[in-house]
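Structural description and commentary
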Amino acid sequence: MATLKEILTRRPVAATIRLTVPAGGARPAPPVGPALGQYRLNLMAFCKDFNARTQKYKPETPMSVTITAFKDNTFEFTVKSPSVTWYLKKAAGIESGSSRPGHVTASTVTLKHIYEIAKVKQSDPYCQYMPLESICKSIIGTAATMGIKVVKELE
Amino acid sequence: MSFFSLGHFFKRLPYKQLTRHQNLFTLIKQKPRTQSTTLSSVLIKVSACSSSSSSSSSSPCTSLSSIYPPLAESPYLSVRICCQKLALDMFSEALLCFGASSTSVDEHDNDADENSDEIYIDSIFPECEDVDECILNAANSIGLKEIPCYEVKMGEQCNWIKKAQESFHPVEVTKGLWIVPEWSTPPDVQATNIILNPGLAFGTGEHATTKLCLLLLQSLIKGGELFLDYGTGSGILGIAAIKFGAAMSVGVDIDPQAIKSAHQNAALNNIGPKKMKLHLVPDRTFPASMNERVDGIVEDLSSHEIRGISETEKYDVVIANILLNPLLQLADHIVSYAKPGAVVGISGILSEQLPHIINRYSEFLEDILLSEMDDWTCVSGTKKRAKEDH
């Protein structure tokens, strides 16, 4: 809930930019460069800030970041952990999901994988208030749409 | 289908040759929608406007291109898609999943757009990406009834570089110290002015870490010191040290663009190669977890570097303003350059990352001092005189 003070001092938004950047690898080149440069944002400040905040992730993990650019050329950004589909693909060891989910199984993952992925996702800003169980359920659902089977243990 | 043949026709055109000659060539194609409802008829613009725009902006473009490396000039496709406001969020996410590098949505506050139902997404794709297929997949994945209307343009490199540079103006770091971009005049001629052309290397003086390091440097340099800037970026700290009175600065970086930028900035400040040396060093960090011991391998490589550039234990002041992981992995290496009793400054760390740094560096440094600005911190300490470790 925004306080009254926040609403009064809220800066007018110029644009909302969504990007996928590898962790610790933000540089002023495309794709970051043109996307931010055209709103006259300080590229270097963003790169440094982003790289510093993603130090705890494995390098080159694709992070999704949402930047809110204000009209006075300042900006704010939030970094989200990589998408569930990316984690599942890594856990299952496959490059892409199954072409016919539901009919053709691409690979399998164990419950332990799901639990680990859910723990990482819980640190995401929008998942923080959800119980771990519901996060797990939604991950299992995503796995089903990709054609990845979830088993209790690997045989 | 004419749909596909048109796509193939445009793909065969020599994009690569155009970008090599650095022409601002705008190639626009537009796909008709399968169902026509509110949007007016299909427009096909011929790039007649491109020839006039290229002639006017070619001269600044070539001067800029001498500074910016080929990497920054790698071509990209800029696509403007028109979609329903309701589907906006989901569609942007879907585009990112299917191959777009970025999507941005402008906020409009004019009334004309309030009434209409549609909004524009500007998306950037890498050059090799199949835009048609990506948009098709994205639309299908979220269940849009029709393929949105869009136009594809070749990205204009110089445009965004110029715009990004516009955001630089003179910065007063502290009383009597200004950082001035090359194209502005110093507001205070009496003060110590560092002239910079920021280029694509880090260090314009605006970031909190650069300011913290500059303040630290100002307090340390009394005259005649030997200074090492580890991770020099634009060379700003090395140049500042010379201006404060140091005898010589050495700057190292793993990014060739940074070394190039630093050379140019040194020249802008009339600092010759005798006063400021710059070296490109190999990236010695490994994508290893923080718990792994990499000291053995680092020792091996550092011996090569010693022969190459400089000896250890020679510098009076060493400052490293980089990132947490390299700072932790290269701690031995960075500190080895300092003389016993010399001051080592570490920055580029967020306040929450501070405990790791202090943990790691407290085996080498004593009298550790912290300075903080805006959630960024700078740690400084003097190297312990008795050497317990090697």
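Whatever comes next refers back to the structure up there.
Overview of the structure. These numbers come from a predicted model, not from an experiment. (Residues numbered from 1 in each chain as written. Chains lettered and ligands numbered in written order. Predicted model: local features only at pLDDT ≥ 70, side-chain atom pairs only at ≥ 80, totals over all residues. Heavy atoms only, no water.)

What follows covers the overall build of chain A. For chain A, the helix and strand inventory stands at six helices and five strands. Beginning at the N terminus, the succession of helices and strands in chain A can be written as α-β-α-α-β-β-α-β-α-α-β. Across the 155 residues in chain A, those meeting the buried criterion constitute 44%. For chain A, the share of sequence-separated contacts (at least 6 apart) that also reach a separation of at least 24 residues comes to 62%. (Helix = DSSP H or I, 4+ residues; strand = E, 2+ residues; numbered from the N terminus. Buried < 20%, exposed > 50% of the residue type's maximum accessible area, 1.4 Å probe, protein only. Contact = heavy atoms within 4.5 Å.)

This part covers helix α6 (residues 131-142) of chain B. All names here are of chain B. Over its 12 residues, α6 runs 17 Å from end to end, which matches the ideal 16 Å to within 8%, given 1.5 Å per residue. For α6, the set of buried residues is Val131, Asp132, Cys134, Ile135, Ala138 and Ala139. Projection of α6 onto a plane perpendicular to its axis shows the buried side chains occupying an angular sector of 170°, all on one side. Two residues or fewer past α6, Gly143 is found with a positive phi of approximately 80°. (Expected span 1.5 Å × (residues − 1). Arc of directions from axis to C-beta.)

In this section: the state of the cysteines. The term disulfide refers to a covalent linkage connecting the sulfur atoms of a pair of cysteines. Residues and elements named next belong to chain B. Under the counting rule described, the total for this entry stands at zero disulfides over all chains. Its sulfur unpaired, Cys213 is 4.6 Å from the next cysteine sulfur, which belongs to Cys378. Relative accessible area serves as the criterion here: at 0%, Cys213 is assigned to the buried category. What makes Cys378 buried here is its relative accessible area of 1%. (Disulfide = S-S within 2.5 Å.)

A common way to state how big an interface is: give the accessible area lost once the parts meet. On the side of chain B, 42 residues touch chain A, which itself brings 33 residues to the contact. Taking both partners together, chain A and chain B bury about 3200 Å²; carbon and sulfur atoms supply 56% of that area. The tally of links from chain A across to chain B stands at one salt bridge. For the salt bridge of Arg53(A) with Asp375(B), the shortest nitrogen-to-oxygen distance reads 3.7 Å. Of all the elements in the fold, those that place two or more residues in the side of chain A that touches chain B are β1 (13-22), α2 (32-37) and α3 (43-53) of chain A. Class assignment for the residues of the side of chain A that touches chain B results in 18 nonpolar, eight polar and seven charged. Note that β1(A) and strand β3 (residues 102-106) of chain B share five bridges and pair antiparallel. Among the inter-strand pairings, Ala15(A) is bridged to a residue of β3(B), identified as Asp106(B). (Buried area = accessible area lost by both parts, 1.4 Å probe. Salt bridge = Lys/Arg side-chain N within 4 Å of Asp/Glu carboxyl O. Nonpolar A, V, L, I, M, F, W, Y, C, P; charged D, E, K, R; others polar. Pairing = 2+ DSSP bridges.)

Residues and elements named next belong to chain B. Of all seven residues in strand β12 (residues 315-321), six are buried; the element is thus mostly enclosed. As paired strands, strand β9 (residues 226-230) and β12 are joined by four bridges and run parallel to one another. Along β12, the bridge assignment pairs Asp229 with Ile319.

Residues and elements named next belong to chain B. Tracing the backbone through its elements, the reader meets Thr232 in the loop between β9 and α9 (236-244). Overall, the relative accessible area of 3% leaves Thr232 in the buried class. Those residues in contact with Thr232 that lie beyond four places of it in its chain are Phe202, Gly251, Val252, Asp253, Ile259, Ala262 and Leu278.

A word on unusual backbone geometry. Residue and element names in this part refer to chain B. A positive phi is found at Asn270, a non-glycine position, where the angle reads about 55°. Inspection of the secondary structure assignment puts Asn270 in the loop between α10 (256-268) and β11 (276-280). Looking at Asn270, the relative accessible area reads 71%, which means it is exposed. Located in the positive-phi region is Asp367, a residue other than glycine, with phi close to 55°. Positionally, Asp367 belongs in strand β14 (residues 365-373).

Think of it this way: side chains of opposite charge can pair up when their charged atoms draw near. Considering all chains together, one arrives at eight salt bridges over all chains under this definition. The residue Glu133(A) makes a salt bridge to Lys137(A) at a minimum N-O spacing of 3.8 Å. Here Glu133(A) pairs with Lys137(A), and both are found in helix α6 (residues 132-146), just four residues apart, close to one helical turn. The two residues Glu133(A) and Lys137(A) agree in class, both being exposed. Between Lys339(B) and Asp316(B) there is a salt bridge, with the nearest N and O atoms lying 2.8 Å from each other. Within this pair, whereas Lys339(B) is found in strand β13 (residues 338-350), its partner Asp316(B) is found in strand β12, the two being separated by 23 residues in sequence.

Residue and element names in this part refer to chain B. With mixed pairing, the three strands of this open sheet are ordered in space as β6-β7-β8. Because the sheet does not close on itself, it has two edges, and the strands there are β6 (171-174) and β8 (192-196). Sheet twist, expressed as the mean angle between neighbouring strand axes with direction ignored, is 25°. Along the sheet, α9 makes contact with β7 (177-181) and β8, crossing β8 at roughly 150°. (Axes fitted to C-alpha atoms, helices over the stretch in contact; angles between N-to-C directions.)

Below, the discussion takes up the sheet that holds β14(B). All names here are of chain B. Taken in spatial order, the seven strands line up as β11-β10-β9-β12-β13-β15-β14 in an open sheet, and their pairing is mixed. The open sheet is flanked by β11 and β14, the only strands paired with a single partner. Going across the sheet, the axis of each strand differs from the next one's by a mean of 15°, ignoring polarity. Note that β14 and strand β15 (residues 376-383) share seven bridges and pair antiparallel. When the sheet's bridge partners are listed, Ser371 is paired in β15 with Cys378. Across the face of the sheet, α9 comes into contact with β9, β10 (248-253), β11 and β12 while running at roughly 165° to β9.

Attention shifts here to the nonpolar core. Membership of the largest hydrophobic core comes to 42 residues, with the highest contact counts inside it found for Leu19(A), Leu36(A), Phe46(A), Ile67(A) and Leu88(A). For this core, the element with the most residues is α6(A), which contributes five residues. Domain assignment of the residues forming this core places at least three in each of domain 1 (13-81) and domain 2 (83-151) of chain A. The residues touching Phe46(A), leaving out its near neighbours within four places in the chain, are Val32(A), Leu36(A), Val65(A), Ile67(A), Phe75(A) and Phe77(A). In terms of nonpolar packing, the next biggest core, distinct from the first, is built from 31 residues, Leu196(B), Leu212(B), Leu216(B) and Leu220(B) among them. (Core = buried A, V, L, I, M, F, W, Y, C linked by side-chain atoms within 4.5 Å. Domains from an automatic or database assignment.)

In this sheet, strand β2 (residues 62-70) of chain A lies alongside β1(A) in antiparallel orientation, the contact comprising nine bridges. Looking across to β2(A), one finds that Pro22(A) is bridged to Pro62(A).

From the geometry alone we can't say anything about function, so treat these as descriptive.
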